[in-house]
Amino acid sequence: MTAGDFTYELTLTGWGVPFGSVRFEIANSTGTVLTNSGVGEFAVVNATDVPLTFSVIGAGRGLAMTQDWTTYSPGISDSNSTARWESILVDTGQIRPISPVGFEFIANGVGYYTGDAITPLS
């Protein structure tokens, strides 16, 4: 996470999906992904804000994970359950994104988990 960047924090409860079975994105209802002018990031942290896993999104690539998580904390792997999650942090990669109105946080299922979980952002 970069100081000064616009961020979102989403709280999770009781979702037991393995890390390797989900990828995140920020998009609108037509599927247009929010473009990040700087480096963006998705991170999952525990109750004491210790990162369990994160993925860095290069500038201009759009806030969407197109591959598995890039970094895991020691003792954490793609097979660990999301039941350990407390929060998802999203760094948009810019001081103020294009108006976030109409954008949604989307958890796309891959592998074990199928379907999508969608939460509107404001």
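Below you will find a few notes about this structure. (Residues numbered from 1 in each chain as written. Predicted model: local features only at pLDDT ≥ 70, side-chain atom pairs only at ≥ 80, totals over all residues. Heavy atoms only, no water.)

1. What about the sheet that holds strand 1 (residues 7-11)?
- The five strands are arranged 1-6-3-4-5 in an open sheet whose pairing can be described as antiparallel. For this open sheet the edge positions go to strand 1 and strand 5 (71-72), each flanked by a neighbour on one side alone.
- Relative to strand 6 (residues 87-91), strand 3 (residues 40-45) runs antiparallel, the two sharing five bridges. Directly across from Glu41, in strand 6, lies its bridge partner Asp91. (Pairing = 2+ DSSP bridges. Helix = DSSP H or I, 4+ residues; strand = E, 2+ residues; numbered from the N terminus.)

2. Quick look at the side chain of Ser87
- When you line up the elements, Ser87 lands in strand 6.
- Ser87 sits in the buried class, given a relative accessible area of 7%.
- For Ser87, the side chain forms a polar contact with the side chain of Glu9, separated by 3.1 Å.
- With residues near it in sequence (within four places) discarded, Ser87 still touches Glu9, Leu10, Thr11, Ala43, Val44 and Val45. (Buried < 20%, exposed > 50% of the residue type's maximum accessible area, 1.4 Å probe, protein only. Polar contact = N/O pair within 3.5 Å; in protein donor to acceptor, adjacent residues only side chain to side chain. Contact = heavy atoms within 4.5 Å.)

3. Observations concerning the packing of aromatic side chains
- Applying the stated rule across the entire model yields six aromatic pairs.
- Seen from their ring centres, Phe6 and Tyr8 are 5.3 Å apart, and the 90° between their planes marks the pair as edge-to-face. This pair shows no difference in class: Phe6 is buried, exactly as Tyr8 is.
- On the numbers, 4.8 Å between centres and 55° between planes, the contact of Phe24 with Phe105 is tilted. (Phe/Tyr/Trp six-rings, centres within 6.5 Å; stacked < 30°, edge-to-face > 60°.)

4. A few points about the environment of Thr119
- Turning to its location among the elements, Thr119 is positioned in strand 8 (residues 116-120).
- Here the alpha-carbon distance between Thr119 and Ala107, two residues 12 residues apart in the chain, equals 8.8 Å.
- Setting aside anything within four residues of it in sequence, one finds Thr119 in contact with Leu10, Glu104 and Phe105.

5. Description of the environment of Ile106
- Within the secondary structure, Ile106 sits in strand 7 (residues 103-109).
- Each C-alpha atom, one on Ile106 and one on Ile118, is 4.6 Å from the other, the two residues being 12 residues apart in sequence.
- Leaving out residues up to four positions away in the same chain, Ile106 has contacts with Arg23, Phe24, Glu25, Ala27, Asp116, Ala117 and Ile118.

6. Quick notes on unusual backbone geometry
- With a phi close to 65°, Asp49 is a non-glycine residue in the positive phi region.
- Asp49 gets classed as exposed once you look at its relative accessible area, which sits at 55%.

7. Regarding the pattern of salt bridges
- This model, assessed by the stated rule, comprises one salt bridge.
- Residues Asp68 and Arg23 are paired through a salt bridge, measuring 3.0 Å at the closest nitrogen-oxygen approach. Here the residue Asp68 occupies a position in the loop between strand 4 (51-57) and strand 5, and Arg23 occupies one in strand 2 (residues 22-28), the gap between them amounting to 45 residues. (Salt bridge = Lys/Arg side-chain N within 4 Å of Asp/Glu carboxyl O.)

8. Re the nonpolar core
- Membership of the largest hydrophobic core comes to 25 residues, with the highest contact counts inside it found for Phe24, Ile26, Phe42, Ile88, Val90 and Phe105.
- Among the elements of the structure, strand 1, strand 2, strand 3, strand 4, strand 6 and strand 7 are those that each provide at least two residues to this core.
- Once residues within four sequence positions are removed from consideration, Phe105 is found in contact with Leu10, Phe24, Glu25, Ile26, Phe42, Ile88, Val90, Ala117, Ile118, Thr119 and Leu121. (Core = buried A, V, L, I, M, F, W, Y, C linked by side-chain atoms within 4.5 Å.)

9. Description of the sheet that holds strand 7
- One open sheet holds the three strands; their spatial order is 2-7-8, and the pairing between them is antiparallel. In the strand order of this sheet, the two ends are held by strand 2 and strand 8, each with one partner. Direction aside, neighbouring strands of the sheet carry axes that sit 20° apart on average.
- With seven bridges joining them, strand 2 and strand 7 adopt antiparallel strand pairing. Each bridged residue has a counterpart across the sheet, and for Phe24 the counterpart in strand 7 is Ala107. (Axes fitted to C-alpha atoms, helices over the stretch in contact; angles between N-to-C directions.)

The quantities given are spatial measurements derived from coordinates; they are silent on function.
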